[in-house]
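# Examination of the molecular architecture
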Amino acid sequence: MINILIVEDMPETRELLCAQLSILGYEVMACADAEKALTIYQKTFYAILVVDLGLPGMDGLELCRRIRSLPQGALSMILVITGQDAPHVLHEALGAGADDYLVKPVDIETLKIRVTIIQQRYMHRLQRRQVQEELLRYREQLEDLVEKRTAELKQTNLALQREVHKHTQARQSLYDSEERYRILFESASDLIFTLDDQGNYCSANPKTAQNFGIPAEELVGKNLRDFFPEPVAESRIAILKKIFHTPEPHWLPDVQIDTPQGKKWFSTNLSPITNERGQVKYVLGIGRDVTARKQTEEELVTSRSLLEEVVDRRTVELKEMNLRLQQEIEHHTIVEMALKSSEANLRTILDSSRQSFMLLDRDGIIQALNQTARKDARNVYGQEIAEGSRIDPAMFYGDPESILRHFEQALRGEFVSVEHKVQGKDKLPYWFVFHYNPVMTADGQVIGVCLAVSDITERKQMEMNLQETKETADGANKAKSEFLTNISHELRTPLNIILGYTQLLKKSGLTEKQLYAIETIQQSGDHLLKLVDDILDFSRFDLQKIKLRLTNIHFPTFLDQIVHHIRRKAQQKQLTFHYEAMSPLPEGIYADEQRLRQLLQNLLDNAIKFTQQGSVIFRVGEILGNPEIPGGKIVQNDPSKLMPDDNVHLIRFQIEDTGVGIDKSQWNRVFLPFYQIPHRWVPKAGTGLGLAISRKLARMMNGDLYVESIAGQGSIFWCDLKLPVITGPFQPLTENNPRYLIGFRGEKKTLLVVDDDEYSRKKLKEMLIPLGFTIIEAMNGSEAIRQADHTIPDLIIMDLVMPEMDGFEVMRRIRQNPKLEKAKILAISASAFPKTCEESFLAGCDDFLTKPLHFDEVLDRLQVHLGLEWLYEPLALGNFEEESQDPDPMVLPSREDLQTLLRFADLGNITGIQEMLENLTQQNSEFRAFVVKIDRLARKFDFEKMIFLLRSFVE
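Residues numbered from 1 in each chain as written. Predicted model: local features only at pLDDT ≥ 70, side-chain atom pairs only at ≥ 80, totals over all residues. Heavy atoms only, no water.

### Some points on the overall build of the chain
A count of helices and strands for the chain gives 28 helices and 29 strands. Buried positions account for 43% of the 955 residues belonging to the chain. Long-range pairs, those at least 24 residues apart, make up 62% of the contacts in the chain with a sequence separation of at least 6. Only carbon and sulfur atoms are counted for the fraction: they give 52% of the accessible area of the chain, which is about 52800 Å². (Helix = DSSP H or I, 4+ residues; strand = E, 2+ residues; numbered from the N terminus. Buried < 20%, exposed > 50% of the residue type's maximum accessible area, 1.4 Å probe, protein only. Contact = heavy atoms within 4.5 Å. Areas by Shrake-Rupley, 256 points an atom, 1.4 Å probe, with all protein chains shown as cover.)

Quick look at the structure:
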C-alpha cells in the first residue's frame, strides 16, 4: 500500500486531505509543521509527501530541500500546495525538489488526479531505480569477472612460462574458469551476446536466443539484418565498426522488436573486448528488457496530457465559478435588502398583534420584542422592558420558580403552554396564556426561547359567566329532577292504591254498570301510569342514567305474551292481527325483558292506534348481512347458516300496518320527543315520547329503529338487535305445560314488611302468606328497627318514603346491627330515578323495585336472595292440549250452567266459578275438556277472555 505524509498547518485542509486520500485507499500520516515531518520521514520512508509551502517556522521549500538531501529523499514524490498561482512560486517549488503542485483552495477531483499521477511517476521512478541498480550489479559482476579472468590469464601465462610441467593443471583450471563463465553467461536474465564488426553474432546466451525465438546455436552466424529493420540494423553495424576502430562503450537507442512473447523494448550497451595488444576482438552486447519502463513513460506522457487538459478545464471552470460567485453576491445583496424589508414588515405585523412576543437568549436576556409586550408590561405590571434587558420572572405573576422551570423546559427543546392568573398594578385580575417555544438552529441546537403571551381575560370572564349560567341551569335541572321524583312518588302512591282497589272491586260482585265504571277507572289509571313512566324514562335518558338489567328470557313465551296482549287490543278495534316467525328462533335470549317488552309494545300499540281498518302484522326473524334491507323485508335463512357467532343472533322485529301512514318528509321527525303525527281522526293522546324512547332503547341494545311509510297506505317499523342466545336447557312455563305456584321447598321464611301505607302491606300479605311465608308488619322506621331486632327476619321489604324516619336511615341502622348481618333487604319506592336506586344500595339494600309492585317481580327477587326452590302443582283436571287433540268435539254443559258461569265471570267471583267447575266435573266426565279450559282462565284471572269464550258458547 502506498503511504503518504501530509504536512499542512490548516486543520480543515489537513482533515480534508486525510479523509479524501484515505477513501482512495492510501495509508495517510499527517502533521502540522515541517520539523516534525522531517523527523517522521527520517524514521519512516514515505512514497509521497503533500507539503504546504506556507508552513510556520521551516517553510515548505526548505522541507523539500532537506528531504531531497536525504539518501531516500531522491525516490519520494513531493506534491506542494500553495495559495499563490504565480509562475515564480511554482519555479521555486520545482527548484526545491517538488514534483508537482496544487493551488488552494484544493479541489477534490484535481487532488485525486494529481495524486494518481504522482503515484504512477513514483512507481516508474522506483522501477527505473531498481533497473539501474540491477544493471549496475550485473556490470559490477561482469567487471569482476573480467578482472578475475584477466588475473587468471596472467597467472596462467606466468605459470606456462615458469612451469611447463604444470600445463595440464593450468588447462584444467582454465576449463573450470570457462565453465563458470559459461554458467553465468547462460543463466543471466539479460541478453548477453558478442558481435563482429559486420554485425554477425559470434555468441549469445539462451535469453538472447529466446527473445528471437530460435536456439542459441542457430543464432551464431546470424546477422543483425535478420532481426532488425534495415535502418536500425545499418545504424548498429556502423556503431560496431566505430567501436572496432575506436574501442569505447556505446549506449544504443532503445529499440522495439518482435519476440515470440510479443513486441518488446530493449535497451542495449555495447562494450569492446580487446586482446592483450589492445585490439578489439569482438564487441560484447548486454541488452535489457525495458518494456515496462517504456509503458510507464507512455503512461506518464498520457497522464501529463490529461493533467494539462484537466488544468485547462479547471481554469475555465474557475472562471465560470468566479462569474457565478459575482452573480450570487449580487443576488445575496438583493435578498439582503428584501430580508430587511421583510423584517420591517414582520416587525410591523408583530407590533400590530394583540399577542406579546419576546425573543430571549439562553440567559433570559431580551433580544427582541414587539410593542404589545412593551404596552402590557407597562399597563398591566407597571414596568418598562426593552431589548438587552434581562427578564424578571417575578414581574409576571409572582411565581419566579414556575417561570424559570418552564423556561428551562423550553431550553431542553420542549414546547410549554401554561395559563396563569395575575394581579395587575390596578389590583384587578388578569389571565394570560404563556407559550414557551424553543428557538433552534438548523442542526437542532436550542439557542433561545420565544415567549408568546396571550391576554385571555375577556375569554375567562365569559367562561366564568358561562359557568355561572351552567350552575344556574344545573340547579334548575336538579330542581326539575327533584320535582319529577316527588311527582313520581305523589302520583305512583295513589295510583298504586287506585289500581289495587279496582282489581279487588272487580271481584266483589258489582253490577254491569258498576263494573264498566271500575274498568274505566282502571284503564285511566293504567294510562296515567304509562304517561308517568314515559316522562320519567325520557328524563332518565336525558340524564343518561338508564341502565339495562339483563336476564335470561324464554323467547317464545316472551313473544306469546306480547302477541296475546296486542291481539286483544286489535280485536277491540276489529282489526286483523297476524304474528309470523319468519325463521327458526332461539329458545332463550339474554336481554332486559322489561325494556325489550316496552320497545315492542310501544311499536305495536302505535300500529293499533293509527290503524282505523285493515291489519297489523308482527314479524320476527333472523337476518344476515346488511341489516338495512330495502323495504324492511326479512330474509328467511337456513338455520344451519344463520350467524358465524353461535352466541349472538341478529334478530329483526318488524311491524307493518295499513294505517294512516307517514309522509316521507316526516320520517325522521316521528322519532323526535313530543312529536305527534297530525291526522284528522287520530286524537292527540299521550306524550309523544313513545317512538323517541323506543329508538333510544333500540340503540342501547346495540341496534336501531327504522321506518318506511306511504301516507294513506300504511307504515313499516323495524329494529335489528344483536341478542346473546342461551344455549343450555330451558324449561319455560307455557300454556302447553300449565303449573301453579303453591309454595317453596325447605324451612319457612320470615319476611318483615315495612310501609306506612296499610294497603301496600295488605297487598303483600295477600300475595305471600298463601305461599307459606311468615309476614311481620311495621308501619314506620322505629317500629321496623324493633321488629327486626326481635324477630331476625330472613328478608325485609323496605319502603323508602315514610314519616319520621325514612327507609334509607332504617337500612343504615339495620346494617349496623350484627344480629341482622345476614338479613336481605329489598327496597321499594315510587321513585324510578337511578339516583334513588343508587342511594338505596349505598344505604345497604340488596335489591330495588319500583311501585306499583308486580307479583312475578317480587317472587323473582325472593327466589334470588333467599335461594328458594318453588313448588308447583300441575292442573288437576288434566292437560287441555291433550284433550283438545281428541277427535271428539268439546262437550258443553247446559245453557243455564253457562249463563251462571258467565254471571260469576262478569262479577269476578272466582270462588263461585271454581265451585261450579267442581260440580260439573262430578256430574259428567265428558265436561272435562270444557272444565280444563275455564279453570286455566280462572287461575290466571283472565276474566275478559273467559267472558268472551262463555258468550260464544251461550250464543
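### Focus: the pattern of salt bridges
Scanning the entire structure with this criterion turns up 34 salt bridges. The partner of aspartate 254 in a salt bridge is arginine 293, and the shortest N-O contact between them spans 2.4 Å. On the criterion of sequence distance, the pair formed by aspartate 254 in strand 8 (residues 250–259) and arginine 293 in helix 10 (residues 291–352) is long-range, its members being 39 residues apart. In this structure, lysine 264 and aspartate 289 form a salt bridge, with 3.9 Å as the shortest nitrogen-oxygen distance. Taken together, the positions of lysine 264 in strand 9 (residues 262–274) and aspartate 289 in strand 10 (residues 280–289) put the pair 25 residues apart, joining distant regions of the chain. (Salt bridge = Lys/Arg side-chain N within 4 Å of Asp/Glu carboxyl O.)

### A few points about helix 23 (residues 855–866)
Every α-helix carries 3.6 residues per turn, so stepping three or four residues along brings you back to the same face. Between the first and last C-alpha of helix 23 there are 16 Å, a value that for twelve residues agrees with the 16 Å anticipated at 1.5 Å per step. Positive backbone phi, at 65 degrees, marks glycine 867, one or two positions downstream of helix 23. (Expected span 1.5 Å × (residues − 1).)

### Some points on the nonpolar core
The biggest cluster of nonpolar side chains holds 38 residues, and the ones touching the most others in it are Phe618, Phe653 and Leu721. Counting residues in hydrophobic clusters, the runner-up holds 26 residues, among them Val7, Tyr41, Val80 and Ala93. (Core = buried A, V, L, I, M, F, W, Y, C linked by side-chain atoms within 4.5 Å.)

### Some thoughts on the sheet that holds strand 7 (residues 201–204)
Pairing in this open sheet of five strands is antiparallel, and the strands run 7-6-10-9-8 from one edge to the other. If you trace the sheet from one side to the other, it starts and ends with strand 7 and strand 8, each paired once. Strand-to-strand twist of the sheet, defined as the mean angle between neighbouring strand axes without regard to direction, takes the value 30 degrees. Two strands pair when backbone bridges link them, and strand 6 (residues 191–195) and strand 10 are joined in this way by five bridges, in the antiparallel orientation. From the neighbouring strand, phenylalanine 193 faces strand 10, where its bridge partner is glycine 285. Helix-sheet contacts for helix 9 (residues 230–245) involve strand 6, strand 8, strand 9 and strand 10, and the interaxial angle to strand 8 is about 145 degrees. (Pairing = 2+ DSSP bridges. Axes fitted to C-alpha atoms, helices over the stretch in contact; angles between N-to-C directions.)

### A closer look at the packing of helix 1 (residues 11–23) against helix 5 (residues 108–162)
Pairs of packed helices are described in terms of their axes, by the angle between the two and the distance that separates them. As a packed pair, helix 1 and helix 5 sit with axes 11 Å apart at the nearest point and diverge in direction by 60 degrees. Taken as axis vectors, helix 1 and helix 5 run oblique relative to one another. Crossing of helix 1 against helix 5: the hand is right-handed. Residues Leu16, Leu17, Gln20 and Leu21 of helix 1 form the contact with helix 5, whose own contacting residues are Ile108, Leu111, Lys112 and Val115. Looking at the contact of helix 1 with helix 5 residue by residue, the class counts come to six nonpolar, one polar and one charged. (Parallel < 35°, antiparallel > 145°, perpendicular 65-115°, else oblique. Left-handed = near helix turned anticlockwise from the far one by under 90°. Nonpolar A, V, L, I, M, F, W, Y, C, P; charged D, E, K, R; others polar.)

### Here we look at the sheet that holds strand 24 (residues 750–754)
As summarised here, the arrangement of the five strands in space is 25-24-26-27-28, forming an open sheet in which the pairing is parallel. The open sheet terminates on both sides in strands that have one partner only, identified here as strand 25 (774–778) and strand 28 (847–850). Ignoring which end each strand starts from, the neighbouring axes of this sheet average 20 degrees apart. Alignment of strand 24 against strand 26 (residues 795–799), held across four bridges, turns out to be parallel. Residue leucine 751 lies in a different strand from strand 26, and its bridge partner there is leucine 795. Along the sheet, helix 20 (residues 781–791) contacts strand 24, strand 25 and strand 26; its crossing angle with strand 25, the most-contacted strand, is approximately 145 degrees. Running over the sheet, helix 23 touches strand 24, strand 26, strand 27 (824–829) and strand 28 and is turned about 175 degrees from strand 28.

### Quick notes on unusual backbone geometry
Trans is the prevailing form of peptide bonds, just as negative phi is the prevailing case for residues other than glycine. Of the consecutive residues lysine 104 and proline 105, the connecting peptide bond is found in the cis state with omega at -5 degrees. Among the structural elements, proline 105 can be located in the loop between strand 5 (100–103) and helix 5. In this structure, glutamine 574 is a non-glycine residue whose phi angle is positive, near 55 degrees. Relative to the elements of secondary structure, glutamine 574 occurs in the loop between helix 16 (555–572) and strand 17 (576–581).

### Some words on the pairing of strand 9
Direction of pairing for strand 8 relative to strand 9: antiparallel, over a ladder of eight bridges. Residue pairing across strands places histidine 250 opposite leucine 270, the latter belonging to strand 9. In sequence, strand 8 turns back onto strand 9 through a hairpin of two residues. As defined by bridge partners, strand 9 adjoins strand 10 across nine bridges and the pair is classed as antiparallel. Looking at strand 10, one finds that serine 271 is bridged to leucine 284.

### Points about the UniProt feature "modified residue: 4-aspartylphosphate" (unreviewed entry) in the chain
UniProt's feature table lists "modified residue: 4-aspartylphosphate" (unreviewed entry) at Asp52 and Asp799, given in the numbering used throughout. Here aspartate 52 is to be found in strand 3 (residues 48–52). Ignoring sequence-local partners within four residues, the contact set of aspartate 52 consists of Val7, Glu8, Asp9, Gly60, Ile81 and Lys104. With respect to the secondary-structure elements, aspartate 799 resides in strand 26. Discounting residues that sit within four places of it in the chain, aspartate 799 has contacts with Val754, Asp755, Asp756, Gly807, Ile828, Ser829 and Lys851. (UniProt positions renumbered as here; feature names shortened; annotations may be inferred.)

### Considerations on the side chain of aspartate 704
Position of aspartate 704 relative to the elements: it lies in strand 21 (residues 704–710). Overall, aspartate 704 belongs to the buried group, its relative accessible area being 17%. Here arginine 699 takes part through its side chain, which lies 3.1 Å from a polar atom of the side chain of aspartate 704. Discounting residues that sit within four places of it in the chain, aspartate 704 has contacts with Arg695, Ala698, Arg699, Trp718, Cys719 and Asp720. (Polar contact = N/O pair within 3.5 Å; in protein donor to acceptor, adjacent residues only side chain to side chain.)

### Brief notes about a nonpolar patch on the surface
There is a patch of nonpolar side chains on the surface, built from Leu318, Met321 and Leu325 and spanning about 220 Å² of accessible area. Inspection of the secondary structure assignment puts methionine 321 in helix 10. (Patch = residues over 30% accessible without salt bridge, like charges linked within 9 Å, V, L, I, M, F, W, Y side chains within 5 Å.)

### Description of the packing of aromatic side chains
Across all of its chains, the model carries 14 aromatic pairs by this definition. Their ring planes at 35 degrees and their centres at 4.7 Å tell us that phenylalanine 744 and phenylalanine 773 sit as a pair that is tilted. Of this pair, phenylalanine 744 sits in strand 23 (residues 739–744) while phenylalanine 773 sits in the loop between helix 19 (758–768) and strand 25, placing them 29 residues apart in sequence. On the accessibility criterion, phenylalanine 744 (10% relative accessible area) is buried. Connected via pairs of aromatic rings, a cluster forms that spans Phe193, Tyr201, Phe212, Phe227 and Phe228. Against the face of tyrosine 138 rests arginine 137, its NZ or CZ located 5.9 Å from the ring centre. In this structure, arginine 236 packs its charged tip against the face of phenylalanine 228, placed 5.1 Å from the ring centre. (Phe/Tyr/Trp six-rings, centres within 6.5 Å; stacked < 30°, edge-to-face > 60°. Lys NZ or Arg CZ within 6 Å of the ring centre and 35° of its normal.)

### Comments concerning the pairing of strand 18 (residues 588–591)
Two elements, strand 16 (residues 551–554) and strand 18, share four bridges in a ladder whose sense is antiparallel. When the sheet's bridge partners are listed, threonine 551 is paired in strand 18 with alanine 591. In terms of strand pairing, strand 18 meets strand 22 (residues 714–726) through two bridges, oriented antiparallel. Along strand 22, the bridge assignment pairs glycine 588 with isoleucine 726.

### Digging into the environment of leucine 411
For leucine 411, the location among the structural elements is in helix 13 (residues 400–411). Leucine 411 sits in the buried class, given a relative accessible area of 15%. As a C-alpha pair, leucine 411 and glutamine 445 span 34 residues in sequence and 9.3 Å in three-dimensional space. If near-sequence neighbours (up to four positions away) are discounted, leucine 411 is found in contact with Arg362, Val446, Gly448 and Val449.

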